[in-house]
Amino acid sequence: MDPAVAVVVLVLQLVVKLCLAMSIMLFLEKLYIAAVVASVKIIRLLRKLPAARMYNGTSFHALRGHDHGDDRLHDHGDESGIMVDDLEANHHHPMVLVQIPMFNEKQVYELSIGAACGLSWPSDRLIVQVLDDSTDPAIKRLVKTECRRWESKGVNIKYEARENRNGYKAGNLKRGMKHSYVKQCEYVAIFDADFQPEPNFLRLTVPSLLRDPDIALVQSRWSFVNADECLMTRMQEMSLDYHFNIEQQAGSSTYAFFGFNGTAGVWRISALNEVGGWKDRTTVEDMDLAVRAGLKGWKFLYLGDVKVKNELPSTFKAYRNQQHRWSCGPANLFRKMGPQILTAKRVSVWKKFHLVYSFFLVRKIVSHLLTFSFYCIIMPATILLPEVHIPKWASVYLPTIVTLLHVVGTPTRSIHLVGFWVLFENVMSLHRTKAMLMGLLEFGRVNEWVVTEKLGDALRIDVANAKMQNLHQAAKPKKKPRLEFHWAELGVAIYLFVCGCYDYAFGKNRYFIFLFMQSIAFFIAGCGYVGTFIPNS
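The shown structure was predicted, so the numbers you read here are calculated from the model rather than taken from an experiment.

Novice: Can you help me understand the environment of Trp222 in this one?
Specialist: Its location among the elements puts Trp222 in strand β5 (residues 215-224). By relative accessible area, Trp222 is classed as buried at 8%. Spatially, the C-alpha atom of Trp222 lies 6.1 Å from that of Lys309, the residues being 87 residues apart in sequence. Setting aside anything within four residues of it in sequence, one finds Trp222 in contact with Phe195, Leu240, Phe244, Asn261, Thr263, Ala264, Val308, Asn310 and Trp326.

Given below as structure tokens:
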């Protein structure tokens, strides 16, 4: 064997061993959280607990009656309804602040403001705060006018605008908390501009905070108004449903900790202040706040049966920007908070291990790195170098089991799309891995904050009208949608296609079927044929 080839083979063998180790790590993590959720479901059935009980904070520690110090989570049970009745009977409604941060949200500002102002809560115990960072003067006027309209109806609504966007969303929320009228509030509910809470949202969430003074955060589940808009939104729904149904539920049920989703949650203001409030050092200010609160011993509660409607990004550009932020931010936060987690004194060793290993290392780093490097780069490379062998359990069995475990959290109506979801997630792993490395190594666009574009109902009506207009103008030449090439995706598509052809002609692994399908997926994404196309005006 040529010495240069021998060196390449040796390096590739070492990389394969590293990938095998990461595969086992990811498999065990997925198996663990699936076992947690399954166990809670079984225990609930055995004890004949109401359906909502599992989501309302039932933990292993509570069910087994053990006390593990800061990790102990009392069994809140199905108390929401009882506590709502208590609120009515005792006329005890705490003062609640509702914050709506927004930035040039022309399409959705009316929906979010209207939903917040329509919350079922005594008007003298509710303050709605619209934090408008818009740079477009026309949009600012529209938002301000909408606030005045609700104010004329008797709603205690405050319109707040800054002169700059320092700190982006974190800076906006931090500035909002400094107003004097906030001091009278005990809790703050946060909704992004495209979120539409149901009127009973506060009645279903605040009681849990009243019942247990150790709870800092109550997080609700997201539901999606545009999941059926295109195949890309269906893929997002599958990923996010797994996140809420499995990951958030498992975190709430064991260590009473999970990452705050940045919206559709209610915080205890005293807890928020104790941990230092909002910080803008990363692009995941919500996760930053949650980790700091967790290290102070505060507990979180996930209510999976409380759902808040919102919009999924439906253009490929918007989704890529969102995923960059969601992948880069956690890795950068891990880099900055790793030592602080290890030296924290108010949490147990097991919770530190959970934070460092499960929450950050496996879910935020290994999962992205493994998906792209192993399945899209290393495995195809072994076809060209048959001296490097990958065991079948790593190339076939483990990823199949992990996919099946994911199906547990997938909506039944989308199970037939699991194959497409796998291909799409592999494509997005390129973008996520790149963003994760930027955050972990702190270079490039590590602090880039791009607000996720929302189309809203208004623009969807425009899209429909444009389609109808095209039907009436069929005789006129039609403008083709402008292609937006993504060269990294196209490069991977060519690489996978070449490896697939080589495997078909000379290989024995029979990977070519997967490689050809994955190559097509990368090619489609590389040409920008993903998501919704917005007609040019």
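Novice: What is the right way to look at helix α11 (residues 316-343) in this model?
Specialist: Residues lying three or four places apart along an α-helix face the same way, a consequence of the helix completing one turn every 3.6 residues. Helix length check: α11, at 28 residues, gives a terminal C-alpha distance of 41 Å against a target of 40 Å (1.5 Å per residue), a fit within 8%. Along α11, the largest kink reaches about 55° and is centred on Met337; proline Pro339 follows within four residues of it.

Novice: What is the right way to look at the sheet that holds strand β1 (residues 96-102) in this model?
Specialist: By way of backbone hydrogen bonds, the strands of a sheet pair with one another, either parallel or antiparallel. Ordered by their spatial adjacency, 7 strands build an open sheet running β3-β2-β1-β4-β6-β5-β7, and the pairing between neighbours is mixed. Of all strands in the sheet, those bounded by a partner on one side alone are β3 (157-161) and β7 (299-310). Averaged over neighbouring strand pairs, the angle between their axes works out to 20° when direction is ignored. Bridge count between β5 and β7: 9 bridges; the pairing is parallel. Bridged to Arg221 within β7 is Lys307.

Novice: Honestly, the environment of Leu28 in this entry has me stumped. Any pointers?
Specialist: Looking at the secondary structure, you find Leu28 in helix α1 (residues 3-46). Taking the relative accessible area as the measure of exposure, Leu28 reaches 46% and is therefore partly exposed. For the pair formed by Leu28 and Leu398, sequence separation is 370 residues and the distance between their alpha carbons is 9.9 Å.

Novice: Just to check I follow, could you spell out the pattern of salt bridges for this structure?
Specialist: Opposite charge on two side chains makes pairing possible when the charged atoms of those side chains draw close. Counted under the stated rule, the structure contains 17 salt bridges. For Arg234, the salt bridge identified is with Asp228, shortest N-O distance 3.5 Å. Residue Arg234 is classed as buried on the basis of its relative accessible area, which comes to 16%. Between Glu489 and Arg320 there is a salt bridge, with the nearest N and O atoms lying 2.7 Å from each other. Here Glu489, found in helix α16 (residues 487-506), pairs with Arg320, found in helix α11; they are 169 residues apart in sequence, far enough to count as distant. The class of Glu489 is buried, set by a relative accessible area of 3%. Through salt bridges that share partners, Asp228, Arg234, Glu237 and Arg413 make up one connected network.

Novice: Help me understand the side chain of His486, please; the structure alone is not making it clear to me.
Specialist: Relative to the helices and strands, His486 resides in the loop between α15 (456-472) and α16. The exposure class of His486 is buried, given its relative accessible area of 11%. Among all residues touching His486, those that are not within four sequence positions of it are Phe316, Arg320, Ala525, Gly526 and Gly528.

Novice: Would you mind showing me how to read the confidence of the model for the chain here?
Specialist: A low pLDDT means the predicted coordinates there should not be read in detail. On average, residues of the chain carry a pLDDT of 87, and 86% of them reach 70 or more. Below a pLDDT of 50 lies the segment residues 51-82, which in the model reaches 83 contacts outside its immediate sequence neighbourhood of four places, other chains included. This model gives residues 463-468 a pLDDT under 50, and the stretch forms 2 contacts once residues within four places in sequence are excluded.

Novice: What's the story with the nonpolar core in this structure? I'm lost.
Specialist: Among soluble globular proteins, nonpolar side chains are generally buried collectively. The biggest cluster of nonpolar side chains holds 89 residues, and the ones touching the most others in it are Val98, Ile113, Trp267 and Val291. Excluding its chain neighbours within four sequence positions, the residues that come into contact with Ile113 are Ile100, Met102, Val130, Val143, Glu146, Cys147, Trp150 and Ile157. Residues Met232, Phe316, Cys376 and Ile383 belong to the second largest nonpolar core, which totals 46 residues.

Novice: So what exactly am I meant to see when it comes to the state of the cysteines here?
Specialist: In a disulfide, the sulfur atoms of two cysteines are held together by a covalent bond. Applying the stated criterion across every chain, the model contains 0 disulfides. Sulfur of Cys117: no disulfide; nearest cysteine sulfur belongs to Cys147 and is 7.3 Å away. Residue Cys117 is classed as buried on the basis of its relative accessible area of 10%.

Novice: Please explain the packing of aromatic side chains as it appears in this structure.
Specialist: Aromatic ring pairs: the centre-centre distance and the angle between the two ring planes describe each pair. Summed over the entire model, instances satisfying the criterion amount to 22 aromatic pairs. Their ring planes at 55° and their centres at 6.4 Å tell us that Trp222 and Trp326 sit as a pair that is tilted. One end of the pair, Trp222, is in strand β5; the other, Trp326, is in helix α11, and 104 residues separate them in sequence. Ring centres of Trp350 and Phe353 lie 6.4 Å apart, and the angle between their planes is 85°; on these two criteria the pair is classed as edge-to-face. Separated by 3 residues within a single helix, Trp350 and Phe353 lie in helix α12 (residues 349-384), roughly one turn from each other. Assessed through its relative accessible area of 59%, Trp350 is described here as exposed. On the basis of relative accessibility, which here comes to 43%, the residue Phe353 falls in the partly exposed class. Lying over the aromatic face of Phe103, Arg165 brings its terminal NZ or CZ to 3.7 Å of the ring centre.

What counts, and where the lines are drawn
- Residues numbered from 1 in each chain as written.
- Predicted model: local features only at pLDDT ≥ 70, side-chain atom pairs only at ≥ 80, totals over all residues.
- Heavy atoms only, no water.
- Helix = DSSP H or I, 4+ residues; strand = E, 2+ residues; numbered from the N terminus.
- Buried < 20%, exposed > 50% of the residue type's maximum accessible area, 1.4 Å probe, protein only.
- Contact = heavy atoms within 4.5 Å.
- Expected span 1.5 Å × (residues − 1).
- Bend = angle between axes of the 7 residues up to and from the residue.
- Pairing = 2+ DSSP bridges.
- Axes fitted to C-alpha atoms, helices over the stretch in contact; angles between N-to-C directions.
- Salt bridge = Lys/Arg side-chain N within 4 Å of Asp/Glu carboxyl O.
- pLDDT = per-residue confidence, 0-100.
- Core = buried A, V, L, I, M, F, W, Y, C linked by side-chain atoms within 4.5 Å.
- Disulfide = S-S within 2.5 Å.
- Phe/Tyr/Trp six-rings, centres within 6.5 Å; stacked < 30°, edge-to-face > 60°.
- Lys NZ or Arg CZ within 6 Å of the ring centre and 35° of its normal.

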